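What follows is each chain in one-letter form.
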Amino acid sequence: MPRRTGEPRLRVGEPAIPQGSTVRRWFPRAVAAVTALCAVVVLAQGHAGLPLTRITTIEAKMASKADYFEDPEVQRLLIRHGFRVHITRMGSRGIAAQSYDGYDVVFPSGQPAADLITRKRAAEGHPATTYRPFVSPIVLGTYREYAETLQDAGIATPLPGVPAGQKALYYSLDMQKFLRATADGRRWDRLGTDRAGRRVGIDSHGIHNGNKVLAQTSDICEANSAGTYLGLVSYIWNHDDIPQNTAEATRFAERIRLLLNDQGMPSSEKNETYVSAEGKSISPIAVIYEHQFLAHQIAAEESTGHVDGERVLLYPSARFVTEPQLIALTPDGARLGELISTDPALQKRAMELGFRVRDAQGASATSDQLTRFLTGHHIQAPLLSDDDTKAVLPRLDLLEKMIEIVGDCAPVAQSAAGQEAP
């Protein structure tokens, strides 16, 4: 029998390594590592060739003013100074009601929530430092057809200073008349009559809306803007007066409850609805901050070459300027607060985002710089009268009582709210 032979076996061995191949293998990796390091240096410093900065991550709870820290230019400037801010977003009152353990800063959008936080910290033996880098008035964002309907009814008036050939971007809102229209159940298609006795309605401006005339807020149990608007409504509806005790606060709150509770289910952030494509049909008048409207117009001008003429602003006849307060809970938080309050580049960027920036010494906020910036970007600047009534909020514990009644909200810790405001 013939002998069977198998296929010859292929023997695989280690390839010979030519001289110099080791260098060729690690050299691309080294180049990639150096490139990544250089990229970090450029990100941190904004310029190549500068030394690497150690980055400190700040843990923060913030409300609507998180918009400032989420701006890419602000983030770049903070990286140059060695800071990165990691943000947990929630409403101002929600910040006050929760624990701050593990956080370097909290940043509620107004004084009421800030006072709740600082008093709670003090009662626990942990005093905190506060910083007020900028301010922003409470305003009502609406759409041109609705503003012109309010003007037809004698409820709104264009602010002065409208350039020739342009339509008004800002209006003064007579809050007494506006709240009376809400209390009387007036609807947008039957708002009243003009001086000539003709019916006034939104349909004359090409819109059909039979809903009640009212302003919609974010969740009153969470948002500083909603709580502040409650205080403003109470002040006006009670003849420029504020409650002096719990019984009066309860009575005032019950009087204005229906003025605020007809808006339906509250949303977490009303400005997001206002600037959306569906905003006009969802919320014709929204309580927001001035800087949010101005930031939208600045972005519109930069991207399209002109402002958003569809959206306009109503300034309440009784104004209230909110004071966001960054509250430092750790030394790193204090360094961040000091930086955003004094650094010229960060202050300039805040102004470019629509805020009224305080000077480096923390004195009164200046509007001139913001006016010049808006005018230079072909955006109308609001010319507000110095004679407008400044609304006064109730004492902190009484405002909290009113919020609980109007919004059916759970109370914040009494150790924080139960003391008299200065």
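Anything mentioned here points back to the structure above.
In what follows, the accompanying structure is described. (Residues numbered from 1 in each chain as written. Predicted model: local features only at pLDDT ≥ 70, side-chain atom pairs only at ≥ 80, totals over all residues. Heavy atoms only, no water.)

Our focus in this paragraph is the overall build of the chain. Each helix and strand in the chain was counted, giving 17 helices and 16 strands. Going through the 422 residues of the chain one by one, you find that 49% of them count as buried. At a minimum sequence separation of 6, the contacts of the chain that also span at least 24 residues come to 74%. (Helix = DSSP H or I, 4+ residues; strand = E, 2+ residues; numbered from the N terminus. Buried < 20%, exposed > 50% of the residue type's maximum accessible area, 1.4 Å probe, protein only. Contact = heavy atoms within 4.5 Å.)

This part covers the packing of helix H13 (residues 331-342) against helix H14 (residues 344-352). With their axes 5 Å apart at the nearest point, H13 and H14 run at an angle of 70° to one another. Regarding the angle of H13 to H14, the classification is roughly perpendicular. Residues Leu339, Ile340, Ser341 and Thr342 of H13 pack against Pro344, Leu346 and Gln347 of H14. For the contact of H13 with H14, the per-class residue count stands at four nonpolar, three polar and no charged. (Axes fitted to C-alpha atoms, helices over the stretch in contact; angles between N-to-C directions. Parallel < 35°, antiparallel > 145°, perpendicular 65-115°, else oblique. Nonpolar A, V, L, I, M, F, W, Y, C, P; charged D, E, K, R; others polar.)

The next subject is helix H16 (residues 396-407). With 12 residues, H16 extends 16 Å between its outermost C-alpha atoms, agreeing within 8% with the 16 Å of an ideal straight helix rising 1.5 Å per residue. Most of H16 is tucked away, with 10 of its 12 residues classed as buried. Where H16 is concerned, the buried positions are Leu396, Asp397, Leu398, Leu399, Glu400, Met402, Ile403, Glu404, Ile405 and Val406. Following H16 by one or two positions, Asp408 adopts a phi angle in the positive range, close to 50°. (Expected span 1.5 Å × (residues − 1).)

Before going further, it helps to examine the pattern of salt bridges. Tallied over the full model, the rule gives 19 salt bridges. Across the pair Asp189 and Arg190 runs a salt bridge whose closest N-O atoms are separated by 3.5 Å. With a shortest N-O distance of 2.7 Å, Asp308 and Arg311 are connected by a salt bridge. Since its relative accessible area comes to 15%, Asp308 is described here as buried. Overall, Arg311 belongs to the buried group, its relative accessible area being 7%. A cluster of three or more residues bridged by salt bridges with shared partners is formed by Glu145, Lys280, Asp308, Glu310 and Arg311. (Salt bridge = Lys/Arg side-chain N within 4 Å of Asp/Glu carboxyl O.)

Before going further, it helps to examine the sheet that holds strand S1 (residues 56-62). Whether parallel or antiparallel, the strands of a sheet pair through hydrogen bonds between backbone atoms. Taking strand neighbours across the sheet as the criterion, the five strands line up as S2-S1-S3-S14-S4 in an open arrangement whose pairing is mixed. For this open sheet the edge positions go to strand S2 (83-89) and strand S4 (129-131), each flanked by a neighbour on one side alone. The average angle at which neighbouring strand axes cross in this sheet is 25°, direction not considered. Relative to strand S14 (residues 326-328), strand S3 (residues 105-107) runs antiparallel, the two sharing two bridges. Along S14, the bridge assignment pairs Val105 with Ala328. Seen against the sheet, H13 touches S1, S2, S3, S4 and S14 and runs at an angle of roughly 145° to S14. (Pairing = 2+ DSSP bridges.)

To continue, consider the environment of Trp188. With respect to the helices and strands, Trp188 occurs in the loop between helix H7 (175-183) and strand S8 (192-193). Assessed through its relative accessible area of 1%, Trp188 is described here as buried. Separated by 96 residues in the primary sequence, Trp188 and Pro284 have C-alpha atoms spaced 10.0 Å apart. Once you skip the residues sitting within four places of it in the chain, Trp188 turns out to touch Tyr146, Thr149, Leu150, Gly201, Ile202, Asn209, Asn211, Lys212, Val213 and Ile285.

This part takes up the state of the cysteines. This model, assessed by the stated rule, comprises one disulfide. What pairs with Cys221 in a disulfide is Cys409, and their sulfur atoms sit 1.9 Å apart. Taking the sign of the torsion about the S-S bond as the criterion, the disulfide between Cys221 and Cys409, at about -85°, is left-handed. Taken as a pair, Cys221 in the loop between strand S9 (199-200) and helix H8 (224-237) and Cys409 in the loop between H16 and helix H17 (414-417) lie far apart in primary sequence, 188 residues in all. By relative accessible area, which is 18% here, Cys221 ends up buried. (Disulfide = S-S within 2.5 Å.)

For the structure on display, the rule yields 10 aromatic pairs. Pairing Tyr68 with Phe134 gives two aromatic rings, centres 5.4 Å apart and planes at 65°, and the pair type is edge-to-face. Residue Tyr68 is located in helix H2 (residues 66-69), and its partner Phe134 is located in strand S5 (residues 134-143); the two are separated by 66 residues in the primary sequence. Between the aromatic rings of Tyr68 and Phe355, the centroid separation amounts to 6.3 Å while the plane-to-plane angle is 90°, which identifies the pairing as edge-to-face. With Tyr68 in helix H2 and Phe355 in the loop between H14 and strand S15 (356-357), this residue pair connects regions lying 287 residues apart in the sequence. Three or more aromatic residues joined by ring pairs form one cluster here, namely Tyr68, Phe69, Phe107, Phe134 and Phe355. It is Lys65 that lies over the ring of Tyr289; its NZ or CZ is 3.4 Å from the centre. Over the ring of Tyr274 we find Arg311; its NZ or CZ atom is 5.9 Å from the centre of that ring. (Phe/Tyr/Trp six-rings, centres within 6.5 Å; stacked < 30°, edge-to-face > 60°. Lys NZ or Arg CZ within 6 Å of the ring centre and 35° of its normal.)

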